[in-house]
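Notes for the structure review
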Amino acid sequence: MVKERLYYENVYKKTFKARIVDNGIDSEGRPYVILNNTAFYPTGGGQPHDTGTIDGVRVIDVEEVDGEIRHFLDGELHSKKEVEGAIDWERRFDHMQQHTGQHILTAAFVRLFGIQTVSFHLGKELVSIDLDVEDVTSEQLAAAEKLANEIILENRPIETKWVTEEELPQFSLRKQLAVTDNIRLVIIPDFDHNGCGGTHPSSTGQIGLLKILSTEKQRRKVRVHFACGDRVLQQLHRKNEALSAASKLLSAPEDGVKDAIERLLTSHHSLEKTLETAKEDLLSFEAKNLLDNKNGNIVKASFTDRTVQELQKLARLIVAENDSVIALLVAENEDRLQFVAARGASVGTSMKLVSTAVLPLLNGKGGGNDTFVQGGGERTMTAKELLNLMENTISY
Ligand SMILES: [Zn+2]
């Protein structure tokens, strides 16, 4: 079984010749072929499958089912016997870098702090491990990252060895193995011995670089996001673009962006407060102005584009200033009409008379009590017409 897996014989094999030994369609209707040997790595051990072509037809998924490797194709394969396979090397090498980087980072956490990794995820952009610990300090993260990069920079060989269960005790393994046949050890001398069926470069230097990017607390675990190889450059490029755009917008040097944002937020909050006070002052002034122009004991006014909250504030200010008046306010907002009616403490008329009379005419909804009502509905008339109707309901 192992001999047919060319990625074990030579992990750098990018093209190969093979014979089709079987083909079929899986339960989801996806066609696949099985070859007598293959360089395509199937999804497994936390490493995603390879992609590529078989005789020019795209291989979109590779899975191992009952010891056979199924190559799922997105087209029909016309060849009957000999075929030529080619794997997408960029994708594979990236997986080798991330996957092997994970071995090294995991081993670094074990060596330095005795912290075990419980799961590993190799995503399209980021890679993460879950550490079996409630919390890690930034010093621990920095130390693990530093050790991992030292191992990478020393360019140590990465060896693989097939061993039997009896031979296992000679090796000090990082964790217990789940398999008893075809045991494959991946060895970074004097650093890590681990059972793994994935693909790895022949030396640590080919990982290039490992950078921890962020951590995230999970339930009793810490997820550590990191990147290796080219992905570090992509991350650096993206963060650089974002930081330099922010720096330009703020007219601040890159290492002054945080301070500049803090200053901006402080000033923003203080402006908001000032604006709030100014609005209150303006409303008090407006209330007095409306009271100066009252007609009998009725104060009425209509507006466009004012929120019902503003109408409510204004009405309360008016009746607080003069307890013998009734305030009737209407706002026309796009296709809606909104109104408020309020009475001063020494007025006896119920404001519910107003809402009961006008709400049906607006197909609207509202609420309130004898002293204060508000409501809104469709713009079935002008604001001025509504105001007159409201006034009529309480004139006697
Ligand atoms: Zn591995």
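Residues numbered from 1 in each chain as written. Predicted model: local features only at pLDDT ≥ 70, side-chain atom pairs only at ≥ 80, totals over all residues. Heavy atoms only, no water.

**A word on the layout of surface pockets**
This is how it is decided: Residues are said to line a cavity or pocket when one of their atoms sits within 4 Å of a point; the points come from a 1 Å grid over protein atoms alone, cavities being sets where a 1.4 Å probe fits but cannot get out and pockets being open sets with protein on both sides within 12 Å along at least five of seven lines. Grid points are joined across faces, edges and corners, and a volume is the space filled by probe spheres set on the points. Numbering of helices and strands starts at the N terminus; helices are DSSP runs of H or I of at least 4 residues and strands are runs of E of at least 2. Any residue outside Ala, Val, Leu, Ile, Met, Phe, Trp, Tyr, Cys, Pro, Asp, Glu, Lys and Arg is labelled polar, Gly included; the first ten of those are nonpolar and the last four are charged.
By volume, the largest pocket is sized at about 830 Å³. In terms of lining residues, the largest pocket is bounded by 36 residues, among which Gly 44, Gly 45, Gly 195, Cys 196 and Gly 197 are the most central. Of all elements in the fold, only helix H1 (6-9), helix H2 (89-113), strand E7 (117-122), strand E10 (183-188) and strand E11 (192-195) reach the threshold of two or more residues within the lining of the largest pocket. Residue classes in the lining of the largest pocket are distributed as 14 nonpolar, 16 polar and 6 charged. In this structure, the second largest pocket occupies an estimated 350 Å³ of space. Counting residues per element, the ones that place at least two in the lining of the second largest pocket are H2 and helix H4 (230-250). Looking at the lining of the second largest pocket, its residues break down into 4 nonpolar, 4 polar and 6 charged.

**Regarding the pairing of strand E17 (residues 365-368)**
Put simply, the test is: We call two strands paired when DSSP finds no fewer than two bridges between them.
In the sheet, E17 pairs with strand E18 (residues 372-378) via 4 bridges, with the strands oriented antiparallel. Paired with Gly 368 across the bridge in E18 is Val 373. Here E17 folds back onto E18, and the loop between the two strands holds 3 residues.

**Examining the coordination of the zinc ion**
Filter applied, for reference: Only nitrogen, oxygen and sulfur atoms within 2.8 Å of the metal, or 3.2 Å for Na, K and Ca, are treated as donors, and water is left out, so sites may look incomplete. Any site counts as irregular unless it has four donors with all angles between 85 and 135 degrees, making it tetrahedral, or four or six donors with opposite ones more than 155 degrees apart and the rest between 65 and 115, making it square planar or octahedral. The buried label goes to any residue with under 20% of its type's maximum accessible area, the exposed label to any with over 50%, and the partly exposed label to all in between, with areas taken from a 1.4 Å probe on protein chains only.
Looking at the metal site, the zinc ion is ligated by His 99 (NE2), His 103 (NE2), Cys 196 (SG) and His 200 (NE2), spaced 1.9 to 2.2 Å from it. Coordination geometry of the zinc ion: the 4 donor atoms subtend angles of 100 to 120 degrees at the metal centre, consistent with an arrangement described as tetrahedral. Spacing between the donor residues of the zinc ion along their common chain follows H-x3-H-x92-C-x3-H. In this pair, His 99 and His 103 are both assigned in helix H2, 4 residues apart and thus about one turn of the helix distant. The exposure class assigned to His 99 is buried, which follows from its relative accessible area of 1%.

From the geometry alone we can't say anything about function, so treat these as descriptive.
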